[in-house]
Amino acid sequence: MFSLNYISAVILFAISTSFTPGPNNFLLLASGMKFGLKKTLGHILGIAVGFPLMLMIIGILFNKIIFINPLFFKILSIIGMVYLFYLGYQIIFSDLMYEEKEVSKPITFIEALLFQWVNPKAWIMALSIASTYLKPDNFYNELIFIATIFFFVATTSSVTWALFGKIIQNAINIKLANVILGILLIISIIQMFPEKF
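Visitor: What is the right way to read helix α5 (residues 120–132) from this model?
Guide: Since the α-helix turns once every 3.6 residues, residues separated by three or four places project in the same direction. If you check α5, its first and last C-alpha atoms are 18 Å apart, about what 13 residues at 1.5 Å a residue would give, namely 18 Å. Listed in full, the buried residues belonging to α5 are Lys121, Ala122, Met125, Ala126, Ser128, Ile129, Ala130, Ser131 and Thr132.

Visitor: Even after reading the chapter, I still don't get the confidence of the model for the chain, so can you show me in this structure?
Guide: Detail in the predicted coordinates should be disregarded across regions flagged by low pLDDT. Averaged over all residues, the pLDDT of the chain equals 80, while 75% of them reach at least 70. Per-element confidence in the chain ranges from a low mean pLDDT of 61 for helix α7 (residues 165–170) to a high of 95 for helix α6 (residues 139–163). Here residues 96–103 scores under 50 on pLDDT; set against residues more than four positions off or in separate chains, the count is 16 contacts.

Visitor: How do you make sense of the environment of Ile190 when you look at a structure like this?
Guide: Structurally, the position occupied by Ile190 is in helix α8 (residues 174–196). Residue classification places Ile190 among the partly exposed positions, given a relative accessible area of 47%. The spatial distance from the C-alpha of Ile190 to the C-alpha of Phe85 is 9.1 Å, given a sequence separation of 105 residues.

Visitor: Looking at this model, I keep getting lost on the pattern of salt bridges. Mind explaining?
Guide: This model, assessed by the stated rule, comprises two salt bridges. Linking Lys105 and Glu111 is a salt bridge whose minimum nitrogen-to-oxygen distance equals 3.3 Å. On the accessibility criterion, Glu111 (36% relative accessible area) is partly exposed. The partner of Lys135 in a salt bridge is Glu142, and the shortest N-O contact between them spans 2.7 Å. Neither Lys135 nor Glu142 differs from the other in exposure class; each is buried.

Visitor: Explain empty space enclosed by the protein here, please?
Guide: A water-sized probe rolled over the atoms picks out the places where empty space is left. With the rule as written, the count across this model stands at two cavities of 30 Å³ or more. For the largest cavity, the calculated volume is near 170 Å³. Residue lining of the largest cavity: 16 residues in total, with Thr17, Ser18, Asn24, Ile47 and Met125 positioned closest to the centre. Mapped onto the lining of the largest cavity, the elements with two or more residues apiece are α1 (4–19), α2 (23–66), α5 and α6. Here the lining of the largest cavity takes five residues from α2, the largest share from any one element. Residues that form the lining of the largest cavity fall into these classes: six nonpolar, nine polar and one charged.

Visitor: Mind showing me how you'd approach the packing of aromatic side chains here?
Guide: One pair of aromatic rings is described through two measures. These are the centre distance and the angle between the planes. On inspection of all chains with the given rule, the structure shows nine aromatic pairs. With a centroid separation of 6.1 Å and 70° between ring planes, the pair formed by Phe13 and Phe150 is classed as edge-to-face. Taken together, the residues span a long stretch of sequence, with Phe13 in helix α1 and Phe150 in helix α6 at a distance of 137 residues. In this structure, Phe13 and Phe150 share a single accessibility class: buried. For the ring pair Trp117 and Trp123, a centre distance of 5.7 Å and an interplane angle of 75° mean the geometry is edge-to-face. Judged by its relative accessible area of 32%, Trp123 is partly exposed. An aromatic cluster of three or more residues is present, and its members are Phe13, Phe51, Tyr133 and Phe150.

Analysis parameters
Residues numbered from 1 in each chain as written. Predicted model: local features only at pLDDT ≥ 70, side-chain atom pairs only at ≥ 80, totals over all residues. Heavy atoms only, no water. Helix = DSSP H or I, 4+ residues; strand = E, 2+ residues; numbered from the N terminus. Expected span 1.5 Å × (residues − 1). Buried < 20%, exposed > 50% of the residue type's maximum accessible area, 1.4 Å probe, protein only. pLDDT = per-residue confidence, 0-100. Contact = heavy atoms within 4.5 Å. Salt bridge = Lys/Arg side-chain N within 4 Å of Asp/Glu carboxyl O. 1 Å grid on protein atoms, 1.4 Å probe; cavity = no way out; pocket = protein on both sides within 12 Å on 5 of 7 lines; lining within 4 Å. Points joined across faces, edges and corners; volume = space filled by probe spheres on them. Nonpolar A, V, L, I, M, F, W, Y, C, P; charged D, E, K, R; others polar. Phe/Tyr/Trp six-rings, centres within 6.5 Å; stacked < 30°, edge-to-face > 60°.

Okay, structure coming up:
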């Protein structure tokens, strides 16, 4: 059974990383603006299925390689947590202006699913999860739980970016949203300390 700290840390991590701007969300924003929600559904489902699938594969490979040496895993966990603190800091203090990406046709389910494997943000998220949120003694239960959480959060995030593309771009203060999401990411890491040490 998972502790309340663990559950809330995973959910906060999923929300803070899924809703922040990145390649998937830029493309969803443009697709929602250009094609509408209905024609963007394949793209949304491709992300919702593609990232958890990628996470499962990377997690299993990570388990086979890293858990052989527990000390190496502990060191990698610390590095992962430090990097996530840095990522939270970067999100909070980001002043980037986000531009609409040109899209000639809606991205299909398969294209979005495969895109996760070339998406640097997806790789960073998957490796961070594997090194920070998975423990050898409950590995597969945790991996399935995290993948399930990401399926629901990624679906919600993708629908939000596609449906409210124009509103997000023109009316919502992106800086304030980044501060909130960055703080949530940092809180999720702090909550992991009792689980890891």
